[in-house]
Amino acid sequence: QADLLGHLVLEPGGEAYPAVVQEFGSAILDNENKIDRKALARLVFSNPERLEVLNHLVHPPVRARTERLLAEFAAREPNGIAVVEAAIHIETGGHLNYDRLILAWCSREQQIERAMHRDHATREEVEARLSRQMPLEEKRKHAHYVIDTSGSKEDTVRQTEEVYRELRRIAQ
C-alpha cells in the first residue's frame with residue numbers, strides 16, 4: 001500500500017524525513033520529532049504548489065520502496081499477482097509502470113463519508129484532499145477493471161474475485 005510506504009518514508013530515519021522537515025519547518029513536528037501528518041496536510045492541501053513540493057519529496061522514495069518490494073515478490077513468485085494500492089497513481093503517472101489498472105469506484109459522497117470515518121477528518125479536510133485528486137470518473141477512463149464498491153460487501157467481494165480470476169488467467 002503506497003500510503004503505508006508514504007508514512008514510512010516520513011518517519012524519523014525515513015528517506016524523505018530530512019527534506020520534508022527542511023522544506024516545511026519544525027512546526028510540522030510533534031513533541032517526539034515525528035512529522036504530524038495533520039499539520040503537514042493543513043499546509044499543503046490548501047496550497048497546490050506546496051502539495052507539489054511535498055509530492056516531489058515523498059514519491060521517489062515511495063516508488064523505490066515499491067519497486068524493491070515488487071522485485072522481491074517476483075523473485076519468490078514468478079507467476080504471482082502483486083497489487084499496488086495508491087490513491088494518486090494516475091496523477092503521478094505511476095500506473096504506467098504496471099500491466100493492469102484496477103479502479104475501486106463509489107460515489108463522491110461515499111468517498112467523503114468513508115474518508116471522514118477512516119481518517120477522523122472533517123468534511124472540509126476530505127473535500128480539500130479530493131479536490132487535488134483526479135475525479136473518479138476521469139480515472140475510470142484509464143482503468144482496465146472497475147470494481148464498484150458502492151453496494152454490499154458481498155457484491156464487492158464477488159467483483160474482486162472476478163478480477164482476480166481474470167488476472168490469474170493472464171498471469172499463467
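Residues numbered from 1 in each chain as written. Predicted model: local features only at pLDDT ≥ 70, side-chain atom pairs only at ≥ 80, totals over all residues. Heavy atoms only, no water.

Student: Which parts of the structure should I look at to understand the packing of helix α1 (residues 2–9) against helix α4 (residues 48–76)?
Tutor: The description of two helices packed together rests on the angle between their axes and the distance between the axes. Two numbers describe how α1 lies on α4: the axes approach to 9 Å, and their chain directions differ by 120°. On the basis of their axis angle, the class for α1 and α4 is oblique. α1 and α4 meet at a crossing whose hand is right-handed. Across the interface between the two elements, Ala-2, Leu-5, Gly-6, Leu-8 and Val-9 from α1 touch Val-58, Pro-61, Val-62, Arg-65, Thr-66 and Leu-69 from α4. Of the residues belonging to the contact of α1 with α4, the class tally is 8 nonpolar, 2 polar and 1 charged. (Axes fitted to C-alpha atoms, helices over the stretch in contact; angles between N-to-C directions. Helix = DSSP H or I, 4+ residues; strand = E, 2+ residues; numbered from the N terminus. Parallel < 35°, antiparallel > 145°, perpendicular 65-115°, else oblique. Left-handed = near helix turned anticlockwise from the far one by under 90°. Contact = heavy atoms within 4.5 Å. Nonpolar A, V, L, I, M, F, W, Y, C, P; charged D, E, K, R; others polar.)

Student: Honestly, the nonpolar core in this entry has me stumped. Any pointers?
Tutor: Of all hydrophobic cores here, the largest spans 18 residues; its most connected members are Val-20, Phe-24, Ile-35, Leu-40, Leu-54 and Val-58. Within the residue set of this core, elements represented by two or more residues are α1, α2 (17–24), α3 (37–44) and α4. Excluding residues that lie within four positions of it along the chain, Leu-40 makes contacts with Val-20, Phe-24, Ile-28, Ile-35 and Leu-54. One finds Ile-90, Leu-101, Leu-103 and Ala-143 within the second-largest nonpolar core, a separate group that totals 6 residues. (Core = buried A, V, L, I, M, F, W, Y, C linked by side-chain atoms within 4.5 Å. Buried < 20%, exposed > 50% of the residue type's maximum accessible area, 1.4 Å probe, protein only.)

Student: Honestly, the environment of Glu-162 in this entry has me stumped. Any pointers?
Tutor: One can find Glu-162 in helix α9 (residues 153–171). Separated by 15 residues in sequence, Glu-162 and Ile-147 have C-alpha atoms that sit 9.6 Å apart. Engagement of the side chain of Glu-162 in a polar contact is seen with the side chain of Arg-158, the distance being 2.5 Å. (Polar contact = N/O pair within 3.5 Å; in protein donor to acceptor, adjacent residues only side chain to side chain.)

Student: I'm lost on the pattern of salt bridges in this one. Help?
Tutor: Two side chains bearing opposite charge may form a pair once their charged atoms approach each other closely. Taken as a whole, this structure holds 13 salt bridges when the rule is applied. For the salt bridge of Glu-15 with Arg-65, the shortest nitrogen-to-oxygen distance reads 3.0 Å. Remark: Arg-65 occurs in helix α4 and Glu-15 occurs in the loop between α1 and α2; sequence separation between them is 50 residues. Where Arg-50 meets Glu-23, a salt bridge forms, and the shortest distance between an N and an O atom there is 2.6 Å. Separated by 27 residues along the polypeptide, Arg-50 in helix α4 and Glu-23 in helix α2 bring together distant segments of the chain. According to the relative accessible area criterion, Arg-50 is partly exposed, its value standing at 25%. Several salt bridges converge on common partners, so that one network encompasses Glu-109, Arg-123 and Glu-127. (Salt bridge = Lys/Arg side-chain N within 4 Å of Asp/Glu carboxyl O.)

Nothing here speaks to function; it is all geometry.
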